[in-house]
Amino acid sequence: MWKHAWMHRRDARRSQSRYLLLTLLFPALIAAFPLRYLCFSLAEGKSKSCQAAALGPTPDNDDLKKLDRALPSYMLKATGWDEGAAMKRWAETLQWRCEIDDDDLIKRPNPDFFRIHPHYPTYLHFEDRAGRLTYWEILGEMDPAALAREGLTTSVITRNYIWQTLFTWDVWLERDDASEGTIIVDMEGFRFSKLTLSTIQMFSRTSAIIQRHFPEREHIVIVINAPAWWGKIYDLFSPLFSERQRQKLRVCVGKDLSAETLREFIDVNHLPAKYGG
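From a predicted model like this one, the values you see are computed outputs, not experimental measurements.

Draft legend 1. View of the state of the cysteines. On inspection of all chains with the given rule, the structure shows one disulfide. There is a disulfide in this structure between Cys50 and Cys98, and the S-S distance comes to 2.0 Å. Across the S-S bond linking Cys50 and Cys98, the dihedral sits near 95 degrees, which makes this disulfide right-handed. With Cys50 in helix α3 (residues 48-53) and Cys98 in helix α6 (residues 83-100), this residue pair connects regions lying 48 residues apart in the sequence.

What follows is the structure in structure tokens.
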């Protein structure tokens, strides 16, 4: 019996020694093993954006390159080429991309696009004269009542907008961070009554997403067939846009000026049929 008691005390002393040794060595191991590598190992098996986000708020760009998530030039441009500020914003975007599961999101079918499109048409089209992809938003045909009737809430439309944006830049343009787009907004038939609380919330949310996570990706925004009372809309929504975005805005009131401006930027053969292409 005394033998068993002695063995028990011996095992207890060994356990205490191991615990003491680990307690003493753990800080040294952490100091010798950079935190970003520890975070990376814990994030293995997750999406590349999650692995990149796990590198922390000030990741090393070489580590990001290994994950195909290097600091993009549009973030540098948005911060006046301040690399520190750009990396901070990019780290925040990587965290957002991780939270929405960007890689898996664009692999899944998006049936909401086909539900939304009849009541709020948007689409990608051929390049402009400089080779930039064009994105068309037919705002005049937006039907807020039909969207509400179909259960297409602000959250659903915003999620669809995120899917379209990720598809454009990550899939169609293969993450080319130097690419820009030309955006055309057609307001023919738009009435002030379409500015419901839901549509204002939708514009506010999507604008915030673009400014925060996809800055400097539009080369120009061309508003065509704007109503004569365009100034009232501009006064309402201009606070949602940055100064840089406001500088890129070109508004055309009337069909003649609208058609002339479209042809200035886009070859007639690359225009949608509705606009003479």
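More follows now that the structure is in view.
Draft legend 2. How the structure looks around the packing of aromatic side chains. One pass over the structure, following the stated rule, counts eight aromatic pairs. Residues Phe167 and Trp172 carry aromatic rings whose centres are separated by 6.3 Å and whose planes lie at 40 degrees to one another, so their mutual orientation is tilted. Given the relative accessible area of 53%, Trp172 is considered exposed. Ring geometry for Phe192 and Trp229: centres 5.4 Å apart, planes at 65 degrees, overall edge-to-face. Pair noted here: Phe192 is in the loop between β3 (181-186) and α11 (197-213) and Trp229 is in the loop between β4 (218-226) and α12 (230-237), with a separation of 37 residues, a long-range link. Note on Phe192: relative accessible area 42%, which makes it partly exposed. Residue Trp229 is classed as partly exposed on the basis of its relative accessible area, which comes to 28%. An aromatic cluster is present here, built from Tyr123, Trp136 and Tyr275 joined pairwise through their rings. Over the ring of Trp169 we find Arg217, and its NZ or CZ is 4.0 Å from the ring centre.

Draft legend 3. Region of interest: the packing of α6 against helix α10 (residues 154-172). It is at 13 Å that the axes of α6 and α10 come closest, and there the two elements cross at 115 degrees. Our pair here, α6 against α10, has a crossing hand that is left-handed. Together, Trp96, Arg97 and Ile100 of α6 and Ile162, Leu166 and Asp170 of α10 make up the contact between the two elements. Tallied by class, the residues present in the contact of α6 with α10 amount to four nonpolar, no polar and two charged.

Draft legend 4. Focus on the pattern of salt bridges. In this structure the tally under the stated criterion is 21 salt bridges. When the shortest N-O distance is used, the salt bridge between Arg212 and Glu92 registers 2.6 Å. With a gap of 120 residues between them, Arg212 in helix α11 and Glu92 in helix α6 connect regions that are remote in the sequence. Two residues, Glu243 and Arg246, come together in a salt bridge whose shortest N-O distance is 3.0 Å. Taken together, the positions of Glu243 and Arg246, both in helix α13 (residues 243-247) and three residues apart, correspond to about one turn of that helix. Residue classification places Glu243 among the partly exposed residues on the basis of a relative accessible area of 44%.

Draft legend 5. Summary view of the side chain of Ser258. Position of Ser258 among the secondary structure elements: in helix α14 (residues 255-265). There is a polar contact of 2.7 Å between the side chain of Ser258 and the backbone oxygen of Gly254. Here Ser258 is in contact with Ile224, Asn225 and Cys252, once residues within four sequence places are set aside.

Draft legend 6. Seen up close, the confidence of the model for the protein chain. In the predicted model, the protein chain carries a mean pLDDT of 85, and 84% of its residues have values of at least 70. Contacts from residues 1-44, a stretch scored under 50 in pLDDT, to residues over four places away or in other chains number 14 contacts.

Draft legend 7. Broad picture of empty space enclosed by the protein. A full pass over the atoms with the stated rule returns one cavity of 30 Å³ or more. One number sums up the size of the largest cavity: a volume of about 1000 Å³. The element contributing the most residues to the lining of the largest cavity is α10, with seven residues. Among the residues forming the lining of the largest cavity, the class breakdown is 28 nonpolar, twelve polar and four charged.

Rules behind the numbers
Residues numbered from 1 in each chain as written. Predicted model: local features only at pLDDT ≥ 70, side-chain atom pairs only at ≥ 80, totals over all residues. Heavy atoms only, no water. Disulfide = S-S within 2.5 Å. Helix = DSSP H or I, 4+ residues; strand = E, 2+ residues; numbered from the N terminus. Phe/Tyr/Trp six-rings, centres within 6.5 Å; stacked < 30°, edge-to-face > 60°. Buried < 20%, exposed > 50% of the residue type's maximum accessible area, 1.4 Å probe, protein only. Lys NZ or Arg CZ within 6 Å of the ring centre and 35° of its normal. Axes fitted to C-alpha atoms, helices over the stretch in contact; angles between N-to-C directions. Left-handed = near helix turned anticlockwise from the far one by under 90°. Contact = heavy atoms within 4.5 Å. Nonpolar A, V, L, I, M, F, W, Y, C, P; charged D, E, K, R; others polar. Salt bridge = Lys/Arg side-chain N within 4 Å of Asp/Glu carboxyl O. Polar contact = N/O pair within 3.5 Å; in protein donor to acceptor, adjacent residues only side chain to side chain. pLDDT = per-residue confidence, 0-100. 1 Å grid on protein atoms, 1.4 Å probe; cavity = no way out; pocket = protein on both sides within 12 Å on 5 of 7 lines; lining within 4 Å. Points joined across faces, edges and corners; volume = space filled by probe spheres on them.

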